[in-house]
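# Commentary on secondary and tertiary structure
Listed below are the residues making up each chain.
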Amino acid sequence: CALPIFGVELNDRTIRPVMRRHLSSLLRIVSSYVSLRDTYGRRTAIDFIVLPEVAIHQSDLDLVRAVIDKTGAIVFCGMVFHENRLARGRVNTGCWLIPDRSIAGRTIRRIEQGKQHLTAFEKGLGIVSYRPHQAIVELKCSELKRPYRISAALCYDATDLKLAADLRDQTDLLIVAANNKDIETFDNMGSALSYHMFQHLMIVNTGEFGGSLITAPYKTRYERVLTHNHGNDQAAISIVDI
């Protein structure tokens, strides 16, 4: 893995321009995909964007904020390992970036979602377990008489059945941001969680490994599987209606 070569926090000056250029290209493609929807009669507004685990460096959040300003979307993205004072060590977290507009202008609320269950690789890098809370984001939804609730987990935290049981009656969509080689296990977990929690499930894995999946809790496959991307070393972008 390249992480030890470039440093656990990927601050090495040889890798930073590469990461930033890749992210910038990816986000431009996202904007193009949104525009493409207009050509086949779908709405061109998007409500939220999800990026994989360990996808965004702190220094590149300005690129994500620019996409938020352009689309108005909420973003959940996995952050590169970084120091956390409260955890007293390096952590693996996801980050909610939520635009808040008022008469005074635009601000972006930032909420971090930690990871409790670490892989052996992460432990070997000195990453510490850190999940002091489980964030639930409520969205206004014109089709429901109540808010639409979303929560997120990082990779192996989604295998925690206690978390799934706790969220079953609390959320409408569970997002799993992953950086994981075990595609088959996560595919099976996706199907199982969708039925167990009876809600939409979104697994967003890195393009290095493939295996991103969005399912709905319906019986027939054409209704249940909203998107499913397999194949490694390719950038995969999907826009679905939930």
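This text follows the structure it describes.
Let me sum up the structure you'll find in this document. On a predicted model such as this, the values are computed, not experimentally measured, just so you know. (Residues numbered from 1 in each chain as written. Predicted model: local features only at pLDDT ≥ 70, side-chain atom pairs only at ≥ 80, totals over all residues. Heavy atoms only, no water.)

### Regarding the nonpolar core
The cut-off we apply is this: The nonpolar core is taken to be a set of buried Ala, Val, Leu, Ile, Met, Phe, Trp, Tyr and Cys residues, with the residues joined through side-chain atoms within 4.5 Å. Here the term buried applies to any residue with accessible area under 20% of the maximum for its type, exposed to any over 50%, and partly exposed to those in between, with areas from a 1.4 Å probe on protein chains only. Secondary structure elements follow DSSP: runs of H or I no shorter than four residues count as helices, runs of E no shorter than two count as strands, and numbering proceeds from the N terminus.
Ranked by internal contacts, the top residues of the largest apolar core, which has 22 residues, are Ile-49, Ile-56, Val-64, Val-75, Cys-77 and Leu-97. Counting residues per element, the ones that place at least two in this core are helix H2 (16-36), helix H3 (61-71), strand E2 (74-78) and strand E5 (93-102). Within the second largest apolar cluster, 18 residues are counted, among which are Phe-76, Ile-98, Val-137 and Tyr-148.

### Remarks on the pattern of salt bridges
Applied cut-off: A pair is scored as a salt bridge if a Lys or Arg side-chain nitrogen falls within 4 Å of a carboxyl oxygen belonging to Asp or Glu.
All told, the structure shown has 14 salt bridges when counted by the stated rule. The salt bridge partner of Arg-20 is Asp-60, with a shortest N-O separation of 3.0 Å. You can see Arg-20 sitting in helix H2 and its partner Asp-60 sitting in the loop between strand E1 (48-50) and H3, a full 40 residues away along the chain. Taking relative accessible area as the criterion, Arg-20 reaches 30% and is therefore assigned partly exposed. Asp-60 sits in the buried class, given a relative accessible area of 2%. Glu-138 is the partner of Arg-149 in a salt bridge, and the nearest nitrogen-oxygen pair spans 3.1 Å. Of this pair, Arg-149 sits in strand E8 (residues 148-154) while Glu-138 is found in strand E7 (residues 136-139), placing the two residues eleven residues apart along the sequence. Given a relative accessible area of 22%, Arg-149 falls into the partly exposed group. Relative accessible area serves as the criterion here: at 48%, Glu-138 is assigned to the partly exposed category. Salt bridges sharing partners connect three or more residues here, namely Arg-16, Arg-20, Asp-60 and Asp-62.

### Focus: the sheet that holds E2
Defined as follows: Strand pairing follows a simple DSSP-based rule, namely that at least 2 bridges must link the two strands. Axis lines are fitted to C-alpha atoms, over the contacting stretch for helices. Their N-to-C directions set the angle, which ranges from 0 to 180 degrees. Only heavy atoms enter the contact rule, under which two residues are in contact if any of them lie within 4.5 Å.
Pairing is mixed across the open sheet formed by four strands, whose spatial order is E1-E2-E5-E6. The sheet is open, and its two borders are formed by E1 and strand E6 (105-114), each paired with just one other strand. Here the strands of the sheet are splayed against their neighbours by 15 degrees on average, with no regard to which way each runs. As judged from the ten bridges shared by E5 and E6, these two strands associate in the antiparallel manner. Bridge pairing in E6 places Thr-93 opposite Gly-114. Across the sheet, H3 is in contact with E1, E2, E5 and E6; its angle to E5 comes to roughly 40 degrees.

### Thoughts on the pairing of strand E9 (residues 173-177)
Test applied: Assignment of crossover handedness uses the view with strands pointing away from the viewer, where a clockwise path from the first strand over the helix to the second indicates a right-handed crossover.
Within E9, five of the five residues are buried, leaving the element largely enclosed by the surrounding structure. Burial along E9 is two-sided: the face carrying Leu-173, Ile-175 and Ala-177 and the face carrying Leu-174 and Val-176 are both buried. The pairing of E8 with E9 spans five bridges and is classified as parallel. Opposite Leu-154, over in E9, you have Ala-177 as the bridge partner. Between E8 and its parallel partner E9, the chain crosses via helix H5 (residues 161-167), and the hand of that crossover is right-handed.

These figures capture arrangement, not role.
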